[in-house]
Amino acid sequence: MLIIKDILNLKLYLKAYKDKGYSIGYVPTMGALHQGHGKLINQSRDHNQKTITSIFINEKQFNKKEDFDSYPRNKGKDYDFCDSYNVDVIFEPSSDEIYSDNKTKLKNKYFQNILCDQFRPGHFDGVITVLNKLFSIIEVNKVYFGEKDFQQLKIVEKFIEEKFPNLQLVPVSTERHEEGIAYSSRNENLSKKQLQEFINFHNSVIQFTKNFDRQTQIMEANTLAKNFITNLVDQEFDYFEFRNANSLEVEGNISEARLFYAIYKGQTRLIDNIEA
């Protein structure tokens, strides 16, 4: 496994792979790797002869500096993790390496003013800004994103269609703990008590979604969703609502929907989505 920190050397290796006719898959990450990332890597390895994982904590997508500062970092463990999953190349650039030529922030224009875009203004601007850089550097065949950050997945899908038409985005279903919650780097910030509370909350949400007739309209379901979340004492949340899985609009019926939530345990913001 190679660990490359500069663009020039990375491009040399990419060229060598391409000259040999290798298909290359790419898994972009911010480190603090877990089994969810492992599932993305495994998908890439199944589909391609070479797999590249980037580790870059992108300050531009954090709304608060304290969130950036508190984001989990475990570089040595991440190296071991990638090695155990037979990653071929880790690309771990500095901020100066990524943004040396142009620090301009792009403006996201997809799926705006809903879900995380409503409550984290500028977040997706930072996401597409760094992906624009990374996709321009790491010119590969396929890129892999998980469905846990579903709005991000949809935004990146639109962004790739417009800006990088030769790049194929491969969605990967969410990897979950035995208790039902998704693997997430932010889970590391939870106390044992908060983690158990989160597990209990998530499983109660699953039960809630099972109570609906499949033809229930999303708008009607959201009235019940609002009652459900507001009746939970002391549960802080940004959103808790059903949306159409294709358009992210509140149209159609439950059979076409996912339930999206963003809640807090202490200072930790936790997001997920569940197929209705």
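Going by the structure above, here's the rest.
Residues numbered from 1 in each chain as written. Predicted model: local features only at pLDDT ≥ 70, side-chain atom pairs only at ≥ 80, totals over all residues. Heavy atoms only, no water.

Peer 1: Run through the packing of aromatic side chains, naming residues and quoting values.
Peer 2: Here a ring pair, both rings aromatic, is described through the centre-centre distance and the interplanar angle of the planes. Applying the stated criterion across every chain yields a total of 18 aromatic pairs. Here F135 and F164 contribute two aromatic rings whose centre-to-centre distance is 5.5 Å and whose plane-to-plane angle is 80 degrees, an arrangement assigned as edge-to-face. Of this pair, F135 sits in helix α7 (residues 123–137) while F164 sits in the loop between α8 (150–163) and β6 (168–172), and the two are 29 residues apart along the sequence. Residue classification places F135 among the buried residues on the basis of a relative accessible area of 4%. With a relative accessible area of 15%, F164 lands in the buried category. When the ring of F212 is compared with that of F242, the centres are 5.3 Å apart and the planes differ by 80 degrees; the resulting orientation is edge-to-face. Of this pair, F212 sits in the loop between α9 (192–209) and α10 (218–230) while F242 sits in strand β7 (residues 237–244); the two residues are 30 residues apart in sequence, bridging distant segments of the chain. Residue placement shows K60 over the ring face of Y99; its charged tip is 4.7 Å from the ring centre. (Phe/Tyr/Trp six-rings, centres within 6.5 Å; stacked < 30°, edge-to-face > 60°. Helix = DSSP H or I, 4+ residues; strand = E, 2+ residues; numbered from the N terminus. Buried < 20%, exposed > 50% of the residue type's maximum accessible area, 1.4 Å probe, protein only. Lys NZ or Arg CZ within 6 Å of the ring centre and 35° of its normal.)

Peer 1: How would you summarise the environment of K65 if you had to cite specific residues and measurements?
Peer 2: Structurally, K65 is set in helix α3 (residues 65–70). In the structure, K65 is positioned 90 residues away from I155 in sequence and 24 Å away in space, judged by C-alpha atoms.

Peer 1: Please give an account of the side chain of E147 that cites residues and values.
Peer 2: Considering the arrangement of structural elements, one finds E147 in the loop between β5 (142–146) and α8. Here R258 takes part through its side chain, which lies 3.2 Å from a polar atom of the side chain of E147. Discounting residues that sit within four places of it in the chain, E147 has contacts with L153, P171, V172, S173, T174, R258 and N273. (Polar contact = N/O pair within 3.5 Å; in protein donor to acceptor, adjacent residues only side chain to side chain. Contact = heavy atoms within 4.5 Å.)

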